[in-house]
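Listed below are the residues making up each chain.
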There are 2 protein chains.
Amino acid sequence: MRKIGVKEIEDIALGAALLGAGGGGDPYVGKLIACNAIAECGEVSLLSVDEVPDDAFIVPIAMMGAPTVLAEKAIGNGEYRRLHDMVSRFFGREIYAFMPMEAGGVNSMLPFAAAARLGLPIVDADGMGRAFPELQMVTFTMAGVSATPMALTDEKGNTAIFQTITNKWTEDLARAVTMSCGGSVSISLYCMDGKIVKQYGVRDIVTRSERLGRAIRTVKQGAGAPEDNFFAATEGFKMFRGKIVDVLRETRGAFNFGKVILEGIGEYKGHVAHAEFQNENLLAAVDGTILATTPDLICIVDSETFTPVPTDALKYGKRVLMLGLKCFETWRSPAGLELVGPRYFGVDTDYIPVEERVKGGALA
Amino acid sequence: MRKIGVKEIEDIALGAALLGAGGGGDPYVGKLIACNAIAECGEVSLLSVDEVPDDAFIVPIAMMGAPTVLAEKAIGNGEYRRLHDMVSRFFGREIYAFMPMEAGGVNSMLPFAAAARLGLPIVDADGMGRAFPELQMVTFTMAGVSATPMALTDEKGNTAIFQTITNKWTEDLARAVTMSCGGSVSISLYCMDGKIVKQYGVRDIVTRSERLGRAIRTVKQGAGAPEDNFFAATEGFKMFRGKIVDVLRETRGAFNFGKVILEGIGEYKGHVAHAEFQNENLLAAVDGTILATTPDLICIVDSETFTPVPTDALKYGKRVLMLGLKCFETWRSPAGLELVGPRYFGVDTDYIPVEERVKGGALA
């Protein structure tokens with residue numbers, strides 16, 4: 001157990017932006033919400049998974065909907081208190097700790113706001129190890145854990161509790177209500193015993209975020225070249241350095257689809273790369289050769305500051321580095337690839353781990 | 001208390017078609033569902049409102065969505081058992097009786113199916129005294145009764161429990177889920193104490209439906225002319241007799257909008273009438289003079305058999321009678337007219353009771 005204060009939150013948010021793989025929503029607004037709650041109510045205790053009793057009742061906290069809506073539709077104290085009361089009453093159990101379900105993007109931050117306000121600890125685990133666009137895309141789905149009973153509330157006080165026959169149905173019904181509530185709501189789902197977190201959760205992901213964030217923040221303080229420090233700290237696979245020369249965007253069915261095209265600079269001069277995204281980056285290729293696909297993380301960062309650039313901030317002329325990060329091991333299983341592999345997203349290619357693709361890649 | 005069997009159901013369904021005022025869905029499929037449940041599980045006890053204890057827990061049963069979907073998506077035993085268990089568990093109360101919330105159209109029948117299957121009685125009251133298109137349009141909304149906690153289930157086993165800040169929000173959120181579930185679901189809402197039913201419910205509406213249905217069925221058996229028997233039994237205001245010469249239809253936002261035009265026959269020869277509808281008939285006019293508006297009931301029946309003709313069965317050449325029925329008294333209050341008056345439906349005219357409009361009407 002250790003305490004998470006405003007300083008730690010800063011680093012976790014920066015790391016969560018990288019784990020967002022271009023999506024998950026900019027953690028900036030979430031960071032303000034979390035810091036505000038901590039300033040008001042005190043620091044949050046972060047529990048490692050092994051500190052959680054097997055029979056402890058662990059309740060994930062997240063927002064569902066368009067993260068950009070958060071900038072206009074604030075989250076207050078009421079939502080988390082309401083979720084807490086709904087869940088404990090419906091299950092008839094006392095909540096032992098909150099947990100993030102999606103460590104990448106804005107959902108890395110909101111559990112800290114809830115934990116500060118309700119005086120509960122947070123478990124250092126999640127169900128993705130990154131960001132994904134749909135709520136059934138968690139390790140717990142592979143383990144047969146139901147997303148429901150799921151609690152949902154908007155900022156006005158409307159609530160719903162869902163119980164569904166599959167986690168895809170949870171996604172469909174909750175998404176419909178989210179849209180009716182104005183595009184963003186607060187949710188608790190995959191409420192589970194500590195034992196299940198231990199078996200199927202992505203362990204230490206908050207700590208990993210914090211380490212990644214700190215590495216980015218201090219990248220110029222190390223002994224070596226900033227870029228070497230960055231790749232050493234992130235264990236990332238360098239795929240390209242380039243200037244953004246085109247961004248194509250399309251909004252379809254509540255998702256942001258698009259493609260970014262990079263013209264090589266430095267050692268990549270004369271080459272061309274592109275990435276395709278659906279909220280998160282799905283595929284990266286150099287000179288037409290695929291170097292990474294989902295579920296591995298494809299991250300685009302500013303080539304000077306190494307700050308992650310989310311897909312909605314991609315713009316002409318920006319100089320960036322494109323890198324790949326290994327996803328959580330379980331995503332590479334057949335069940336994992338069925339949930340979040342390239343074909344689920346309509347990308348017609350087999351999954352090959354990023355480390356293998358990069359080895360045989362275009363400029364290898 | 002009296003028993004409702006298959007014979008009574010036939011008459012209630014026919015009367016409910018008249019109270020549907022053109023909408024509410026053809027009770028035919030609902031009748032099959034109710035008769036099937038009664039044949040399998042036995043007759044249903046109908047309680048008059050005064051037989052219900054003040055503190056008895058009364059649970060309405062209805063379907064939400066497009067009634068036509070029922071013909072393809074059957075309702076089985078599971079839905080009502082599920083609603084029963086969800087509601088009694090969530091409230092922590094034993095259900096004393098079911099109740100219809102909408103006596104017009106298909107929702108007149110489904111509570112009988114639920115009551116037969118669960119072995120519970122039905123209270124002889126509803127919240128509309130007719131059919132209306134949205135779920136906040138009940139007398140109980142005027143009394144400040146919340147539609148929620150509301151339980152919803154589809155035939156597959158997906159469920160939701162809503163708690164909302166207004167009954168309009170219930171409508172919006174539940175409608176979104178209904179659409180995601182394929183267009184029709186089973187619901188329990190406005191769960192309440194017997195005392196509230198006594199204060200605000202539309203009393204004896206099931207018995208009135210049955211009486212209306214029997215009158216239509218036996219209209220040619222009376223001493224007088226069938227038409228005189230019909231108007232005597234229904235207390236209807238005759239507005240027009242004519243041949244349908246045009247029907248305009250438009251589907252907008254899950255509602256059926258439209259207009260039917262009648263060319264006078266018999267005593268109305270040389271005159272023209274029309275009715276406008278949004279699921280239910282909203283306005284009736286003869287030679288441009290309005291003779292009735294919502295919330296009074298505007299009914300169109302076959303001029304030979306007096307069988308009600310729902311708006312979706314209106315077609316060229318059919319000979320019909322158009323009549324008005326007084327709505328439940330409370331709908332005529334300012335609060336009632338705000339919920340279901342002509343202006344709510346975009347009909348730009350003041351509400352004047354049908355009996356006054358007809359007196360000063362076009363052919364009076």
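When you go through chain A residue by residue, the secondary structure sums to 11 helices and 18 strands. Against the 2.2 N^0.38 benchmark of 21 Å for 364 residues, chain A shows a C-alpha radius of gyration of 20 Å, consistent with a compact globule. By principal-axis analysis of the C-alpha atoms, chain A measures approximately 60 × 45 × 40 Å. At a minimum sequence separation of 6, the contacts of chain A that also span at least 24 residues come to 74%.

Take the interface of chain A and chain B next. The interface of chain A with chain B comprises 17 residues on the first partner and 17 residues on the second. Breaking the side of chain A that touches chain B down by element, the ones donating at least two residues are β8 (159-163) and α6 (167-180) of chain A. Among the elements that take part in the side of chain A that touches chain B, α6(A) stands out by supplying seven residues, more than any other. For the side of chain A that touches chain B, the residue count by class is nine nonpolar, six polar and two charged. Bridge count for β8(A) against strand β8 (residues 159-163) of chain B is five bridges, and the pairing is antiparallel.

All names here are of chain B. With seven of seven residues buried, strand β15 (residues 280-286) is to be regarded as a mostly interior element. Bridge analysis of strand β14 (residues 272-278) against β15 gives six bridges, and the strand direction is antiparallel. Across the sheet, residue Ala273 finds its bridge partner in β15, namely Val286. From the end of β14 to the start of β15, which pair antiparallel, there are one residue, and Asn279 there has a positive phi angle of about 60 degrees. Direction of pairing for β15 relative to strand β16 (residues 289-293): antiparallel, over a ladder of four bridges.

Quick look at the domain arrangement of chain A now. Residue and element names in this part refer to chain A. What the domain assignment lists for chain A is domain 1 (2-205) and domain 2 (227-359). Counting residues at the interface gives 20 residues for domain 1, matched by 20 residues for domain 2. Mapped onto the side of domain 1 that touches domain 2, the elements with two or more residues apiece are α1 (6-19) and α5 (139-142). By residue class, the composition of the side of domain 1 that touches domain 2 is 10 nonpolar, eight polar and two charged.

With that settled, the discussion passes to the relation of the copies chain A and chain B. The operation relating chain A to chain B is a screw motion whose rotation component is 180 degrees, with 0.0 Å of axial translation and a residual RMSD of 0.0 Å. Within this description, the copies of the chain are treated as partners about a two-fold rotation axis. Both copies contact each other with a shared surface, as 100% of the interface residues of chain A are interface residues in chain B too.

Right, let's get into the environment of Ser180(B). One can find Ser180(B) in helix α6 (residues 167-180). For Ser180(B) and Gly264(B), which are 84 residues apart along the polypeptide, the C-alpha to C-alpha distance reads 44 Å.

Residues and elements named next belong to chain B. Compared with the 21 Å implied by 1.5 Å per residue over 15 residues, the 20 Å span of helix α2 (residues 27-41) between its first and last C-alpha is a close match. The set of residues buried in α2 consists of Pro27, Val29, Gly30, Lys31, Ile33, Ala34, Cys35, Ala37 and Ile38. Next to the buried residues of α2 lie α1 (6-19), β2 (44-47) and α4 (110-118). A positive backbone phi angle near 105 degrees is found at Gly42, which sits one or two residues after α2.

Here we come to the packing of α1(A) against helix α8 (residues 205-217) of chain A. Residues and elements named next belong to chain A. Their axes nearest at 6 Å, the elements α1 and α8 cross at an angle of 95 degrees. Classified by the angle between their axes, α1 and α8 sit roughly perpendicular to one another. Contact with α1, carried on its side by Glu8, Asp11, Ile12, Ala13, Leu14, Gly15, Ala16, Leu18 and Leu19, involves Val206, Arg208, Ser209, Glu210, Arg211, Leu212, Gly213, Arg214, Ile216 and Arg217 of α8 and no other residues of that element. Counted by class, the contact of α1 with α8 contains nine nonpolar, three polar and seven charged residues.

Right, let's talk about the sheet that holds strand β17 (residues 297-302) of chain B for a bit. Residue and element names in this part refer to chain B. The sheet built from seven strands is open, its strands ordered β16-β15-β14-β13-β12-β18-β17 with antiparallel pairing. Two strands in the sheet have a free side with no partner beyond their single neighbour: β16 and β17. Averaged over neighbouring strand pairs, the angle between their axes works out to 35 degrees when direction is ignored. Sheet topology places β17 next to strand β18 (residues 319-325); six bridges connect them, and they run antiparallel. The residue bridging Ile298 from the neighbouring strand is Gly324, located in β18.

The next thing to look at is the sheet that holds strand β16 (residues 289-293) of chain A. All names here are of chain A. In spatial order, the strands read β16-β15-β14-β13-β12-β18-β17; together these seven strands make up an open sheet with antiparallel pairing. Only two strands of the sheet have a single partner each, and these edge strands are β16 and β17 (297-302). With strand direction ignored, the average angle separating the axes of adjacent strands in the sheet is 35 degrees.

This part takes up unusual backbone geometry. In the segment running from Thr148(A) into Pro149(A), the intervening peptide bond is cis, with an omega of 0 degrees. With respect to the helices, strands and loops of the structure, Pro149(A) is situated in the loop between α5 and β7 (150-153). Here the bond from Thr294(B) into Pro295(B) is cis, since omega is 10 degrees, no more than 30 degrees from zero. Relative to the assigned elements, Pro295(B) resides in the loop between β16 and β17. Phi is positive for Asp204(B), which is not a glycine, with a value near 60 degrees. Along the chain, Asp204(B) turns up in the loop between β11 (202-203) and α8 (205-217). By the C-beta count within 10 Å, which is 16 here, Asp204(B) ends up partly exposed. Phi at Asp287(B) is positive, roughly 50 degrees, even though this residue is not glycine.

Another point: α8(A). Residues and elements named next belong to chain A. Here α8 spans 18 Å end to end across 13 residues, near enough to the 18 Å set by a 1.5 Å rise per residue. Residues of α8 that are buried include every one of Ile205, Val206, Arg208, Ser209, Glu210, Leu212, Gly213, Ala215 and Ile216, and no others. Where α8 is buried, its residues touch α1, β2 (44-47), β4 (97-100), β6 (125-126), β11 (202-203) and α9 (226-234).

We now examine the packing of α2(B) against α4(B). Residue and element names in this part refer to chain B. Direction vectors running N to C along α2 and α4 enclose 15 degrees, while the axes themselves pass 8 Å from each other. Here α2 is positioned roughly parallel relative to α4, judged by the angle of their axes. The two elements α2 and α4 cross, and the hand of that crossing is left-handed. Note on element contacts: α4 touches α2 through Leu110, Phe112, Ala113, Ala116 and Arg117, opposite Gly30, Ile33, Ala34, Ala37, Ile38 and Cys41. For the contact of α2 with α4, the per-class residue count stands at nine nonpolar, one polar and one charged.

Scoring rules and cut-offs
- Residues numbered from 1 in each chain as written.
- Chains lettered and ligands numbered in written order.
- Predicted model: local features only at pLDDT ≥ 70, side-chain atom pairs only at ≥ 80, totals over all residues.
- Helix = DSSP H or I, 4+ residues; strand = E, 2+ residues; numbered from the N terminus.
- Rg over C-alpha atoms; globule rule 2.2 N^0.38 Å.
- Contact = placed C-beta atoms within 7 Å.
- Nonpolar A, V, L, I, M, F, W, Y, C, P; charged D, E, K, R; others polar.
- Pairing = 2+ DSSP bridges.
- Buried ≥ 20, exposed ≤ 12 C-beta atoms within 10 Å, placed from the backbone.
- Domains from an automatic or database assignment.
- Least-squares fit on C-alpha atoms with pLDDT ≥ 70 in both.
- Expected span 1.5 Å × (residues − 1).
- Axes fitted to C-alpha atoms, helices over the stretch in contact; angles between N-to-C directions.
- Parallel < 35°, antiparallel > 145°, perpendicular 65-115°, else oblique.
- Left-handed = near helix turned anticlockwise from the far one by under 90°.

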